[in-house]
Amino acid sequence: MKTIQVYDPPMCCSTGICGTDIDPDLVNFAAMLSQLGTHDIKVERFNLGQQPMAFVQNPAVKALLDKEGAEVLPLIFWDGEVHLKGRYPTKDERPGWFRAALGKEEEAS
Amino acid sequence: MKLPFYQPDAATSTRFLFFTGKGGVGKTSLSCATALKLVEAGKRVLLVSTDPASNLDEVLETKLTNQPTPIAGAPGLDAMNINPVEAAAAYRERLIGPMRGLLPEAALRSMEEQLSGSCTVEIAAFDEFSGLIGNPDAAKDYDHVIFDTAPTGHTLRLMSLAKAWDQFLDKNTSGTSCLGPLAGLEKQRVIYEATVNTLADASATTLVLVSRPQGAALREAERTSKELRAIGVGNQCLVVNGTFETDCPEDVTAQAMQQRGLSALTAASEFISSMPSFIVPLRPINILGIGGLRVLLSGDGQGKCVKADESGWTPPEMESLEDLVATIEQQGNGVIMTMGKGGVGKTTVAAAIAVMLARRGHSVHLSTTDPAAHVAQTLHGKVEGLTLSKIDPAAETAAYQGEVMLAQGAAMDDAGRALLEEDLRSPCTEEIAVFRAFAREVGRGTGRFVVLDTAPTGHTLLLLDASEAYQRELERQARSTQPEEVLKLLERLRDPDFTRILLVTLPEATPVHEAAALQEDLLRARIEPFAWVINQSLLNSGSCDPLLQCREASEHRYLREVVEKQAKRTAWLPWQAEEPVGPDALAHLASSSLLQARGDVIQTL
């Protein structure tokens, strides 16, 4: 079973709507994760504002935070390996994620 | 209409009592006096203020915190303030504290910034509030818990939040929804449900609607009554505080005041007879301290008036509102904001300034950030060059949701749009929408005059607090799609040539001290008030009624305090025999000066 772990910067919600700006990549990414979660993929998401302990307990996350500061977030892991750093996947990258995760093209909910 | 005297009864009182109503109607005095009565009947009582600009400290003459503090002279009575900003700080500390030393400083700082938003502030206060009601263990040492609430708009929001979050959680389907700062508190959900149930339980909760014998206050009580009934708070009663009768037939001021009260009560007779209603007579003194509180609900004695020696007292120099307007109009555009405690007449002063500017040929927009304001009623009629609007939280939220979906939804796939739509239904969205509307109204002042009537102090402080939090967040972001008016908001509020803040007060202890505290808060935020306005002064009224004479004499020290200690400029407005409604009455009010005050009262009758 594939695992995706996301370590978000501090934010109010998975879509970040409480902030001053709404990032469409973040919203689409959140939607994609909830779709992937319904398949055979383990999705874990942690928010620094709400689950800071998860950041401390993951040595890789903690080391990156210590070294590069809060700008390193979001950190996205595939099966325990850092896959993306400091940003969410873009519109062009998302189909690739679906392929990699599900082994096929699927985007409709 | 003969109403019974208000006498709280320990035998029949419910466990929870909420005192609510328009600003300045006497919620704090009445809730304190009620607490005192119950304590004197042998009960243990916890008195809680939910007003971000609480005046409990001053009335109880005790320094309070967000923990119960015993009140000297009233054994069995404890009191506390739920201060939203402090509640949010405590909530932040609960999350961040354990991380110190474990996470780098930069990560801690970014947590702190995220948890400083207005939604966190609101949720944290709400969490403390519902903890006292919905958690069976929290206030178990007390027979009664009495809430002295903030002026209406803020309280409606607080009481309806329990239901709003409850419904949002129920309807949420994706499980990744926007709980905002509630996420850290989600385990409390059972407490929020209990809060909703307790508020609706007539054997547990009484809502005491407090009013003055005054049209606007009674109309607001009626609106609040309906809105709270709609969310289930059904056990209600009404207390009309400050009723006045004179034995002085030849005294025009006293006769006018009595008449004004009677007409207001008659106009509201249907509402008044719809529920148990009571009166508390006007007292000659400011209700301060345990002694003062006993006077408020004493059946007979009106409290002794110790009159100051009048000889040799001359009123300090004060301008008319027209004098202030003459200075303001030289700029040609900008924002004028009226601020202060509830019930001091911010709406009246704002409307009077707007009318005066419009009649002098300027383009003027009059708006309000107070969810419970009555701007249109005060203006009552069209004025050439003057437009009117109101920040309606529900309408602003809907518009904001639509705007976000249109602007951002385009770049999203269907699943993203669905998720965004769902998260936008979070109660937190309202905070953002109202804040943006505030920024928009301020921004309109670049091309004309905008007169903004703000909500009572507490609510306004939270709005300014949000402005600063947003500014900090914006400064960290490279990319911003925010409109120019949001980006420039704080800069505009801080520009003394663009934004003119008028602190409105009555010549009484609590409104003056609340305005002084507000002034300090503003100065800390680098916003400097332009002038103070003293409203409803009885100075030079020439009354022969002993109670009014006494009230007039007690104004002196507060007039002096404002002019000599607090204000750079002070305008003075007389008490009006009729509620100043309509363009002519407002313009007349604005041109009143201290010298002609006495002649005016005689003319009006």
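Some details on the sheet that holds strand β8 (residues 277-281) of chain B
Residue and element names in this part refer to chain B. On the basis of which strands lie adjacent, the open sheet formed by 8 strands has the order β3-β4-β2-β5-β1-β6-β7-β8 and mixed pairing. Looking at strand neighbours, the two that pair on one side only are β3 (69-70) and β8, the edges of this open sheet. Across the sheet, helix α8 (residues 215-230) lies against β1 (16-20), β6 (205-211) and β7 (236-243), angled at about 160° from β6, the strand it touches most.

Overview of the pairing of strand β14 (residues 531-537) of chain B
All names here are of chain B. The buried fraction of β14 amounts to 6 of the 7 residues, a majority that puts the element mostly inside the structure. Where strand β13 (residues 499-505) lies against β14, 4 bridges are found, and the strand directions are parallel. When the bridges of β14 are listed, Val 504 appears paired with Val 533. Handedness of the crossover is the feature at issue here: the chain leaves β13, passes through helix α21 (residues 509-524), returns alongside β14, and the resulting connection is right-handed. By the bridge criterion, 4 bridges tie β14 to strand β15 (residues 570-574) in an arrangement that is parallel. Across the sheet, Ile 534 pairs through a bridge with Trp 572, a residue of β15. Note that the unit made of β14, helix α22 (residues 546-566) and β15 has a crossover that is right-handed.

Points about the packing of helix α15 (residues 393-409) of chain B against helix α17 (residues 428-443) of chain B
All names here are of chain B. In the contact formed by α15 and α17, the axes pass within 8 Å of each other and the chain directions differ by 95°. Taken together, the axes of α15 and α17 lie roughly perpendicular to each other. Taking contact as the criterion, the partners of Pro 393, Glu 396, Thr 397, Tyr 400, Gln 401 and Glu 403 in α15 are, on α17, Thr 429, Glu 430, Ile 432, Ala 433, Val 434, Arg 436, Ala 437 and Arg 440. Grouping the constituent residues of the contact of α15 with α17 by class yields 6 nonpolar, 3 polar and 5 charged.

Describing the confidence of the model for chain A
Low pLDDT means the predicted coordinates in that region are not meant to be read closely. In this model, chain A carries an average pLDDT of 84, and 91% of its residues clear a pLDDT of 70 or more. Per-element mean pLDDT across chain A ranges from 82 in helix α4 (residues 94-102) of chain A up to 94 in strand β3 (residues 75-78) of chain A.

Digging into the packing of aromatic side chains
According to the stated counting rule, one finds 10 aromatic pairs over all chains in the structure shown. The interplanar angle of 85° and the centroid separation of 5.1 Å between the aromatic rings of Tyr 7 of chain A and Phe 55 of chain A together place this pair among those described as edge-to-face. Residue Tyr 7 of chain A is located in strand β1 (residues 2-8), and its partner Phe 55 of chain A is located in helix α2 (residues 52-57); the two are separated by 48 residues in the primary sequence. Just as Tyr 7 of chain A is buried, Phe 55 of chain A falls in that class too. Measuring from centroid to centroid gives 5.4 Å for Phe 129 of chain B and Phe 147 of chain B, while their planes differ by 65°, and the two rings are edge-to-face.

Conventions adopted
- Residues numbered from 1 in each chain as written.
- Chains lettered and ligands numbered in written order.
- Predicted model: local features only at pLDDT ≥ 70, side-chain atom pairs only at ≥ 80, totals over all residues.
- Heavy atoms only, no water.
- Pairing = 2+ DSSP bridges.
- Helix = DSSP H or I, 4+ residues; strand = E, 2+ residues; numbered from the N terminus.
- Contact = heavy atoms within 4.5 Å.
- Axes fitted to C-alpha atoms, helices over the stretch in contact; angles between N-to-C directions.
- Buried < 20%, exposed > 50% of the residue type's maximum accessible area, 1.4 Å probe, protein only.
- Right-handed = clockwise from strand over helix to strand, strands pointing away.
- Parallel < 35°, antiparallel > 145°, perpendicular 65-115°, else oblique.
- Nonpolar A, V, L, I, M, F, W, Y, C, P; charged D, E, K, R; others polar.
- pLDDT = per-residue confidence, 0-100.
- Phe/Tyr/Trp six-rings, centres within 6.5 Å; stacked < 30°, edge-to-face > 60°.

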